[in-house]
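Here is how the chains run, residue by residue.
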Amino acid sequence: MKKINSIFIVDDDPITVYGIKKILTSVAQCNTIFEFKNGQVAIDQIRKLVLENSELPELIFLDINMPIMDGWEFLEDFIKLPIKESININIVTSSIDQYDKDRAEDFKSLTHHCIQFNSKPIKRSEIEEITEIVSV
Amino acid sequence: MIKNTPILSNEFLIKQLPISTVFINRESRVVLASDKWALDFNFQGKDYIGKTIYELFNKTSDKWARILESCFDGKFPEPEIESTTVPNSREKWFEWTSSPWYDEQENIIGAIVQAEDVTDRVLTEIKLEKLQFLQKETTEHGKLGTWEYNKQQDSFSCSQMIRTIIEVDEDFDLNIDNIVEFYKTGYSKNTISMAIYNAREKNIPFKEKLQIVTANGNEKWVNVSGMPLIKNGEYVALLGIVQDITDYVLKEQETKDNEHLLKTLINNLPLQIYIKDIQSKKLLANKSELTFLGLKDENDIIGKDDFDLYDKATAQKFRDEDVEVMISQIPMLNKELSCRNADGSTTTFLTSKIPLKGENGEVNGIVGISMDISEQKQKEQELKDLISVTSSQNKKLINFAHIVSHNLRSHSANFAMLLDFLAHEKDKKERSRIMEMLSESSKNLMETLHNLNDIVAINTESNIIKQKVNLNTNINKVLSKLKPQLDKNKATIISEISNDVNLNVVPSFLLNILENIVSNAIKYRKPQLDPVIKFSLNYVQNYTVLSIEDNGLGLDTKKYGHKLFGMYKTFHGNPDAKGLGLYITKNQIEAMKGKISATSKVGSGSTFNLYFNEKN
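Residues numbered from 1 in each chain as written. Chains lettered and ligands numbered in written order. Predicted model: local features only at pLDDT ≥ 70, side-chain atom pairs only at ≥ 80, totals over all residues. Heavy atoms only, no water.

The name an unreviewed UniProt entry assigns to chain B is histidine kinase, from the organism Arenibacter aquaticus. Under the UniProt heading Catalytic activity (unreviewed entry), the entry covering chain B gives this text: "ATP + protein L-histidine = ADP + protein N-phospho-L-histidine." (UniProt positions renumbered as here; feature names shortened; annotations may be inferred.)

With an unreviewed UniProt entry as reference, chain A is termed Response regulator, source organism Arenibacter aquaticus.

Here's what the structure looks like:
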C-alpha cells in the first residue's frame, strides 16, 4: 500500500469530505488527514506550517464553492507562498463549467504546483491515480 | 504780279466765282483764287497770292505734288476728299477737283483746283455707315429680323434674319398672309392674326411674345412687334420686328425649373435649412426651419438674426459659430448642439454650417443645415437603458442558472457517490451511516429546490402588486416577530421614522426584507457588544431610502462587496448562514424596481440602504 504522510481536504460539504476520506483510506495508507471548512482556515494553517518550517501536506483536495474564502481565493494566496516543493492540488467541484476549467488551467500556468481539475462525484480510480503520483 | 504768268483780264470775274477755286502755276504758286476759297480756308485779308500751295496748307504731302504734276501733264486726276482743320473752325471735309490750266494757245500753264465743302455729306455718310453697322450687329446678335408691308404696292419685304428665324431660304416667297402661318396653331396664331388685323384696320401697334414653328418644324419663341405707318392720316405700310428669344426663354425656363426644383427640395427635406448673411441675418429659411421656430411665413424670418429668435446665451453661441466659420472658411460639420426650449425640454440638433462664398472667394454668409435628433437621442438613451436592463437581467439569469446547476449537481454528485459506496459496503454499521447521509442529502436537496422556487416566485411579474403600506407598522410587525431573538441578545432599536411614512411596495416583500436585515444584524453581532439597530429615512432622487445601521461585525466590502448579495455566499463562518437571505432581499427589492446597497467596515458595523422606487 502507498503511503502518504499528510493530506488536506478543504470542503464545506461533510458528505464529500466523508467520501474522499473513505476512498483515500482504502487505496493508500494515510498518516494524517486534515479537514478544513473553507479556504481561510486552510490557508491560515498552511501559512503557519510555512512559518514554522513544518512539514507541508503532500496532497490537497480543494472545493471551489465555499463560504468566507472560496477555492479560487485560496489558490491565489497559496501560489504566493514561498513553498519550494511542488504540492499536488486537486480541485474537486460540482461545477462542470468550462469557465472554471479554464480558470484552473490559468492557475496551472502561474505556478510550479501541480493543479488538477476534477468534477464531483470523485471516483475511486481518480483517487488511485492521484495517490500513485504523490507516493512516487 | 508774278513773272511768266499771263495776266488775266477776267481776274475780277474769277474772284467772284461762287465755288472755291484756286489757280496754281507750274511752280505750285497761287496765281488767283476766288474769294470763296479765301473764306473757306481762312485766308481772308492775308497775302496768299504768289505763295506755294504747300506753304499755305502747311503740307508736304506727295499726293498733292502728284496731283498737280498730273494736271501739268494735261491729265484730270480723280477728285480727292480730304479733311482740313481750319483754325477757329470745326473739322471740314473738302472734295478737291483738279484740272489743267490752259492759256489761249492751249499751253498748260498750271492747274485749276476747286474745293467743295462736303462736310455735311461726309458726316452723313459716316453716320449712315455707323447706323448700318450697328443695325447689322444688332440684328445679328439680337436675332432681330424686320419686315415691311407696303399697302399701296401690296408688297412684302423682309430682312435676311426673318428668313433665318423661320428657317426658309431666299427663294421662298414670303408675304403678309403666309408669314402668319409660321405661328404656332392656337394662341400664337390667333394673337398675331388679330394683331395684324388691328394694325391694318385700326392703326393699333402691337408687341407680343409668341411661339412659332419654323419651316423645319422647330418650335421657337419670338418677340414680335408691329407698327403701322401713317401718312397724312392714312395707313400706308406696316413695319414688323421679329426677335428670336428662344435661347433666352429656354434659359429662363430652365432657371425657373431649377429654382422650383431647388425650392421644392429644400422645403421638403426633413432638415432645417437656412442661409444667413455676413451679419447672421437670415436670407432664406425652409419650411422645416419655419415650423421649428413656430413661424408660418418666410417673410417673418427674413432679415432677423438669432437674437430675435433665441435666448441671448443660445443666440450668442450660434453667432460665435457663424463668425468662426466665416472667418476660417472651414465648414463646421455635424456638430451636436443642445438648446433648451421654453417648456424646459431640450432639443438636440446635428448642425452643419458651411461658408457661402461669392464669385471672388469672399465669404458673404453661411448655409446652415440642422437636423433635430432629439428623438434619436431619446431612443438611443432608451436603447442604452434597455441594454443595461437586459444585460443585468441576463447576468442575473446566468448567475441563477449557474447556481441552480451547481447546487443540483453537488447534491446529485453526493447521491451518486453514496450509492456507489452503499453497493460495495458490507459493514452493517457503515451501511446505516451511509443511509443516514443519503437521507440528509435528500433533505438538503428538497430545501434547495424550495429556496430556488422562492426566488423564481419573486421574479414572477404577476406576484408584484404594489400597494401603499405604513412603514412603521411593518417595522413593528417584524420586530415583534423577532422579539425572542432581540430580547435574548439585548438588542436596542432606534427609529427616526415618523408614523406618517408610507411606502409603495409589495407588502410581503417588505416584511421579508426587513426581517432578513434585522435578523442578519443579530446573527452577525459583535460577541461582546449588545446589538444596536438604527432605522432612518432619506429621499434621493426618485427613491425613498430606508437605512438600517448596526454595530455588528461588519465586513470588508472591498473584498466581499461584489459577493454580498450573491447566492450561497456567507462570510462569517456562522453555522446558521445559508447564503441565501441577502440574495432573496436583493431580488425582492429589484423586483419592486428599487435597489440595495451596503456600506461596512470590518469591526465597525454595517449599513444597508434600501432604495424604494415610489414612481414605478
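Having put the structure on the table, let's press on.
Some remarks on empty space enclosed by the protein
All names here are of chain B. A complete count under the given rule lists 5 cavities of 30 Å³ or more for this structure. Taken as a whole, the largest cavity spans an internal volume of roughly 120 Å³. Lining the largest cavity are 14 residues, and of these Tyr274, Tyr310, Phe318, Thr351 and Ser370 sit closest to its centre. Listing elements by their share of the lining of the largest cavity, those giving two or more residues are strand 11 (272-277), helix 9 (287-293) and strand 14 (346-357). Residues belonging to the lining of the largest cavity are distributed by class as follows: 6 nonpolar, 3 polar and 5 charged. (1 Å grid on protein atoms, 1.4 Å probe; cavity = no way out; pocket = protein on both sides within 12 Å on 5 of 7 lines; lining within 4 Å. Points joined across faces, edges and corners; volume = space filled by probe spheres on them. Helix = DSSP H or I, 4+ residues; strand = E, 2+ residues; numbered from the N terminus. Nonpolar A, V, L, I, M, F, W, Y, C, P; charged D, E, K, R; others polar.)

Brief notes about the UniProt feature "modified residue: 4-aspartylphosphate" (unreviewed entry) in chain A
All names here are of chain A. In the numbering used here, UniProt assigns the "modified residue: 4-aspartylphosphate" (unreviewed entry) feature to Asp63. Along the chain, Asp63 falls in the loop between strand 3 (59-62) and helix 3 (71-78). Residues contacting Asp63, with those up to four places away along its chain left out, are Val10, Asp11, Asp12, Gly71, Val92, Thr93 and Lys120. (Contact = heavy atoms within 4.5 Å.)

Quick notes on the packing of helix 12 (residues 374-424) of chain B against helix 13 (residues 428-458) of chain B
Residue and element names in this part refer to chain B. Viewed as axis vectors pointing N to C, helix 12 and helix 13 meet at an angle of 165°, and their least axial separation amounts to 10 Å. The orientation of helix 12 with respect to helix 13, classified from their angle, is roughly antiparallel. In the packing of helix 12 onto helix 13, the handedness of the crossing is left-handed. (Axes fitted to C-alpha atoms, helices over the stretch in contact; angles between N-to-C directions. Parallel < 35°, antiparallel > 145°, perpendicular 65-115°, else oblique. Left-handed = near helix turned anticlockwise from the far one by under 90°.)

A short note on helix 13 of chain B
The end-to-end C-alpha distance of helix 13 of chain B, which contains 31 residues, comes to 46 Å, matching closely the 45 Å that a straight helix rising 1.5 Å per residue would cover. Residues Glu430(B), Ile434(B), Met437(B), Leu438(B), Ser441(B), Thr448(B), Asn451(B), Leu452(B), Ile455(B) and Ile458(B) constitute the buried set of helix 13 of chain B. Where helix 13 of chain B is buried, its residues contact helix 1 (14-27) of chain A together with helix 12, helix 16 (507-523) and helix 18 (581-591) of chain B. (Expected span 1.5 Å × (residues − 1). Buried < 20%, exposed > 50% of the residue type's maximum accessible area, 1.4 Å probe, protein only.)

Some thoughts on the interface of chain B and chain A
Note on interface size: it is often stated as the accessible area lost on association of the parts. If you look at the interface, chain B gives 23 residues, while chain A gives 21 residues. Together chain B and chain A conceal approximately 2000 Å² of surface at their shared face, both sides included; 57% is due to carbon and sulfur atoms. Put simply, chain B and chain A have 2 salt bridges between them. Remark: the boundary between chain B and chain A carries 7 residue pairs in polar contact (both at pLDDT 80 or more). Secondary structure elements with two or more residues in the side of chain B that touches chain A: helix 12 and helix 13 of chain B. Among the elements that make up the side of chain B that touches chain A, the one with the highest residue count is helix 12 of chain B (10 residues). Partitioned by chemical class, the residues of the side of chain B that touches chain A number 9 nonpolar, 8 polar and 6 charged. (Buried area = accessible area lost by both parts, 1.4 Å probe. Salt bridge = Lys/Arg side-chain N within 4 Å of Asp/Glu carboxyl O. Polar contact = N/O pair within 3.5 Å; in protein donor to acceptor, adjacent residues only side chain to side chain.)

With respect to the packing of aromatic side chains
As enumerated under the stated definition, the model contains 18 aromatic pairs over all chains in all. Geometrically, the ring pair formed by Trp37(B) and Phe41(B) is tilted, given 5.8 Å between the ring centres and 55° between the ring planes. Across the pair, Phe41(B) and Trp37(B) agree in class, each one buried. Each member of the aromatic cluster is reached from another via a ring pair, and the members are Trp37(B), Phe41(B), Phe43(B), Tyr48(B), Phe94(B) and Trp96(B). A cation sits over an aromatic face here: Lys22(A) above Phe421(B), 5.7 Å from the ring centre. A cation over an aromatic ring shows up here: Lys209(B) above the ring of Trp221(B), its NZ or CZ 5.5 Å from the ring centre. (Phe/Tyr/Trp six-rings, centres within 6.5 Å; stacked < 30°, edge-to-face > 60°. Lys NZ or Arg CZ within 6 Å of the ring centre and 35° of its normal.)

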